[in-house]
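So the chains spell out like this:
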Amino acid sequence: MRTHYCGNITSATIDEEVTLYGWVDRRRDHGGVIFLDLRDREGIVQVVFDPDTNEHFERADKVRSEYVLQVKGRVRARSEGTINTNMSTGEIEVLGKELKILNSAATPPFQLDEHIEVGEDVRLKYRYVDLRRPEMLEKLKLRSSVTSSIRRFLDDNGFLDIETPILTKATPEGARDYLVPSRTHEGKFFALPQSPQLFKQLLMVSGMDRYYQIAKCFRDEDLRADRQPEFTQIDIETSFMDDQQIMAITEGMIRELFKEVLDVDLGEFPRMPYAEAMLRFGSDKPDLRIPFELVDVNDLMQQVDFKVFNGPANDPKGRVAALKVPGGAKISRKQIDDYTKYVSIYGAKGLAWIKINDVAAGIEGLQSPILKFMPDEIVTRMMERLDVADGDIVFFGADKTNIVNEALGALRVKIGEDLDMIEGDWAPLWVVDFPMFEENSEGNLTSLHHPFTAPACSPEELEKNPETALSIAYDMVLNGTELGGGSVRIHQPDMQQAVFRVLGIGDEEAEEKFGFLLDALKYGAPPHGGLAFGLDRLVMLITGAKSIRDVIAFPKTQSAACVMTDAPGMADNKQLRELNIKLREKPKAAEPKAGE
């Protein structure tokens, strides 16, 4: 039986007899004395074998990196001069008396202390080796601490942990569904849930009052650093609580989590309307640690002859905004060119700029190729509005409002990171008062969140002015990342039908897609609302990881594949026949004719 984990042995255990299990992290032979660094999930301890242990010394001489061992020995203090302050167990060592080799190991595909030089595909292919690295172990242990803290908080506050189905029906939630063919219902498919949204609302209709679940969700969408095809959601729903109460209890959960796991007091979260966030930061998830923001200059640009600016300034759907970067005049022309390429990702056609070399010199103290296109008076008023100082640079965005917001919003974050201008460690906030709808590329209205979000108005007002209607929705944001989002739900049939009419969803389509929910609303649905947090993103932020792949035990690659198991894989013909599926062969390329 193991008596201690390797990393838990301290000076308090000196002279104790211990039994340890673990992997050989390193082996050293110093003049006939063999030193083994034995590693388990809690850390590393040094084990020493002297020649007088006979057969056990001989075994120690044979072990290599990543061999699995059982060691019995006595804890002793290290001699003066051999103490290793870089190890939690650096003041002690174990004098080995017995050694048993439980398993040998092939040479690892990469050294565990040289992981930085190893490509991610190799790390993911041999993930079981990669996870032995202390930094990966620490991330997964912290993830476990996070889920334990959340469960305790929600349990203590009367929430019930209830599971919802994985095999369910496809519902329109903004991304493609993963479909599962049914063998017993020919030609029909289950869908893996993008979220437990409908089921948690049904649980409120059922009288469960307070529900939570740490749920697996699935979305077939293009991936990036904080996206995975399967991800984990902290799903919460309550009855008879309004938006303020829901925000208060979930804010309390996150504040308690950070205090418990990191000993960080996040303080009270400020609240910001969606419209203000977009105006000042170009984003509905602003990073408040970056000390500069967007400023509207539409009114100043409406009369200038510079079409690049006056076109958007006079377009009701356009915007001209300025982004002043304090001390940014040191940015080189090459860096400006790089930033121009960067904003083009978001649809921007260019990136105008003005460097402020000497405020006291007026127009003569400014440097920019666009100054010749604007009257001096306009430029002067604009500089006054921006409150520029010597050494600043101002970038401009002029286009459709959404393009300007996305481009300058992203540029603000990138420059803040590039110039090391981020202030403070944590900046939480709530973004509230979201629009109920947004316009898609075809000019039709779609739900900004989902069609079950309650509007902050009556059904009649909603249908009369849907473009300006606000929803009772709220997002929790931390350091520019959306931790979670939620809303008060629609619980009355007439309001739900009004939303469907605005969205152009007819009775037949509504019945086909949401019939079971609409039926439930007829049978005494309580007022209810909730919120869902992305667990992977939350742990990514807490650990400082660059990608959620680093905080998931077995993640998929950017192409939604598992290189370790070689998934997805092919299905054999027998399985396909049972599912009544026939694969279409890709047409073969035409063979070139003779002489071509």
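Look up: the structure comes first, before these words.
Conventions adopted
- Residues numbered from 1 in each chain as written.
- Predicted model: local features only at pLDDT ≥ 70, side-chain atom pairs only at ≥ 80, totals over all residues.
- Heavy atoms only, no water.
- Axes fitted to C-alpha atoms, helices over the stretch in contact; angles between N-to-C directions.
- Helix = DSSP H or I, 4+ residues; strand = E, 2+ residues; numbered from the N terminus.
- Parallel < 35°, antiparallel > 145°, perpendicular 65-115°, else oblique.
- Left-handed = near helix turned anticlockwise from the far one by under 90°.
- Contact = heavy atoms within 4.5 Å.
- Nonpolar A, V, L, I, M, F, W, Y, C, P; charged D, E, K, R; others polar.
- Pairing = 2+ DSSP bridges.
- Expected span 1.5 Å × (residues − 1).
- Buried < 20%, exposed > 50% of the residue type's maximum accessible area, 1.4 Å probe, protein only.
- Salt bridge = Lys/Arg side-chain N within 4 Å of Asp/Glu carboxyl O.
- Polar contact = N/O pair within 3.5 Å; in protein donor to acceptor, adjacent residues only side chain to side chain.

Engineer: Help me understand the packing of helix H4 (residues 134-156) against helix H6 (residues 243-262), please; the structure alone is not making it clear to me.
Structural biologist: A pair of packed helices is characterised by two quantities: the angle between their axes and the separation of those axes. In contact at an axis separation of 10 Å, H4 and H6 are set at 140° when each is read in the N-to-C sense. Put simply, H4 runs oblique to H6. The two elements H4 and H6 cross, and the hand of that crossing is right-handed. Along the contact surface, H4 presents Leu142, Ser145, Val146, Ser149, Ile150, Arg152, Phe153 and Leu154, while H6 presents Ile249, Gly252, Met253, Glu256, Leu257, Glu260 and Val261. Broken down by class, the residue content of the contact of H4 with H6 amounts to 9 nonpolar, 3 polar and 3 charged.

Engineer: Which parts of the structure should I look at to understand the sheet that holds strand S1 (residues 17-30)?
Structural biologist: Pairing between sheet strands relies on hydrogen bonds along the backbone, with the strands arranged either parallel or antiparallel. The strand order S1-S2-S3-S5-S4 describes a closed barrel built from 5 strands, whose pairing is mixed. Averaged over all pairs of adjacent strands, the angle between strand axes in this sheet comes to 55°, irrespective of strand direction. Judged from the 7 bridges that link them, strand S2 (residues 33-40) and strand S3 (residues 43-49) form a sheet pairing that is antiparallel. Residue pairing for S3: Arg39 is matched across the bridge by Ile44. Each of S1, S2, S3 and strand S5 (92-103) is contacted by helix H1 (residues 55-62), which is oriented at about 75° to S5, the strand it contacts most.

Engineer: Please clarify how H4 should be interpreted in this entry.
Structural biologist: The α-helix advances 3.6 residues per turn, and as a result positions three or four apart in sequence lie on the same side. Along its 23 residues, H4 runs 33 Å from first to last C-alpha, staying within 8% of the 33 Å computed at 1.5 Å per residue. Along H4, the positions that sit buried rather than exposed are Met136, Lys139, Leu142, Arg143, Val146, Thr147, Ser149, Ile150, Phe153 and Leu154. In the segment just after H4, Gly158 is the residue with positive phi, at about 80°.

Engineer: Explain the pattern of salt bridges here, please?
Structural biologist: Opposite charge on two side chains allows them to pair when their charged atoms are near. Summed over the entire model, instances satisfying the criterion amount to 47 salt bridges. One salt bridge in this structure joins Glu17 and Lys97, with 3.1 Å as the shortest N-O distance. Residue Glu17 is found in strand S1, and its partner Lys97 is found in strand S5; the two are separated by 80 residues along the sequence. Taking the relative accessible area as the measure of exposure, Glu17 reaches 46% and is therefore partly exposed. The salt bridge involving Asp25 is made with Arg39; its shortest N-O contact spans 2.6 Å.

Engineer: Please clarify how the side chain of His528 should be interpreted in this entry.
Structural biologist: Take His528: it is sitting in strand S22 (residues 528-534). Within the structure, His528 has its side chain in polar contact with the side chain of Gln201 (distance 3.1 Å). Ignoring anything within four residues of it in the chain, the contact list for His528 reads Gln201, Met204, Glu237, Thr238, Ser239, Val488, Arg489, Ile490 and His491.

As far as function goes, none of this settles anything; it's purely spatial.
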